[in-house]
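Inside the fold
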Amino acid sequence: LTSVEEPVENHVFKLSLRFRSYYKMELRDVKYERPDMAGFWIQGMEYIPAYMDGDYLVQGIDYFLYPQKSGDITIGSAKVEAIQMSPDINIGEFSTTTNYKRDHSRSFTSEPFSIHVKKHKGLDVVGNFTIASFVDKKVMNGNESLSVAIRIKGDGNIGDIKPFELKIQEATVLDVEPSSR
C-alpha cells in the first residue's frame, strides 16, 4: 500500500507493509526482515502499533522511500518470523487431562511486487515544502546591516537544493553557509 497512486522519481512516498494474523494463532516475538529495496533510498521508517481488525491482529511498518530511478522497480519478499504457542498431545502414559503447550517457530514470506515509478520532469527539487523568511529588524538606518534567514521545511529531496547567491544592487551581501536540522 503506497501513499501515492504513482510514485515519482526522487520524490518521497510512504510504503506501508502490514502483517495480519488470526488472533487465536497466539504469535509472539514477531520479527520483521526488511525486503530488498534496491532502487530506493530509505529516508526513514516507523513501526505501527498493533491493533485489532475483527478477528485479526494487524502489525506493520511504514517506510518513507525515494525512488532513485524511473520504471518498474521490484521490492523483494518481506519475511516475518514468530513463535507460536500450540497445544501438544498429552504427555506420558499416565497423564490425566493435562495439556501442554509447545513453542513452534513460524515463518511467513510475502511475494515480491513491483512499483511503477514515473520519470520526474521539471525542477530538480521535488517535494512538499513550506518556505518562510525572517528579518532581524523592522526599521533600519543607512549603512546598518540587516540579517535575513530563510527556513525551508517539508518532505522531499531538500538536500538537492543548490546554494545560490543573492544579488542586490548597491548592497553588500555576505553569504552564510546553510545548515540543516
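Residues numbered from 1 in each chain as written. Predicted model: local features only at pLDDT ≥ 70, side-chain atom pairs only at ≥ 80, totals over all residues. Heavy atoms only, no water.

Examining the overall build of the protein
To keep things clear, this is the line we draw: Think of it this way: any DSSP run of H or I at least four residues long counts as a helix, any run of E at least two long counts as a strand, and we number them from the N terminus. The rule is simple: take the accessible area with a 1.4 Å probe, protein chains only, and divide by the maximum for that residue type; under 20% is buried, over 50% is exposed, in between is partly exposed. Here, residues are in contact when the closest pair of their heavy atoms is within 4.5 Å. Areas reported here follow the Shrake-Rupley algorithm with a probe of radius 1.4 Å; residue values treat only the protein chains shown as occluding.
The helix and strand inventory of the protein stands at 0 helices and 10 strands. Order of helices (α) and strands (β) in the protein, N terminus to C terminus: β-β-β-β-β-β-β-β-β-β. Each of the 181 residues in the protein was classed as buried or not, and the buried ones make up 23%. Considering only contacts in the protein between residues 6 or more positions apart, those separated by 24 or more positions represent 66%. Surface accessibility of the protein: about 13800 Å² in total, with carbon and sulfur atoms responsible for 51%.

Digging into the packing of aromatic side chains
Applicable threshold: Only centres within 6.5 Å qualify two rings of Phe, Tyr or Trp (six-membered ring in Trp) as a pair; their planes then separate them into stacked at under 30 degrees, edge-to-face at over 60, and tilted for everything else.
Here the structure, examined in full by the defined rule, presents 5 aromatic pairs. Consider the rings of W41 and Y66, whose centres lie 5.1 Å apart with planes at 45 degrees: the pair is tilted. Separated by 25 residues along the polypeptide, W41 in strand β3 (residues 40–53) and Y66 in strand β4 (residues 56–67) bring together distant segments of the chain. For W41, a relative accessible area of 45% translates into the label partly exposed. The buried category is assigned to Y66, whose relative accessible area is 6%. Grouped by ring-pair contacts, the aromatic residues Y22, Y23 and Y56 constitute a single cluster.

Things to note about the environment of D29
Operational definition: As used in this structure description, the phrase polar contact means that two N or O atoms lie within 3.5 Å; if the pair is within protein, one of them must be able to donate a hydrogen and the other to accept it, and residues adjacent in sequence are counted only when both atoms belong to side chains.
Within the secondary structure layout, D29 lies in strand β2 (residues 27–33). For D29, a relative accessible area of 45% corresponds to the partly exposed category. Placed 76 residues apart in sequence, D29 and S105 show a C-alpha to C-alpha distance of 9.9 Å. If we skip the residues at most four places from it in the chain, D29 touches E81, A82 and I83. Here R28 takes part through its side chain, which lies 3.1 Å from a polar atom of the side chain of D29.

No statement about biological role is implied by the geometric values presented.
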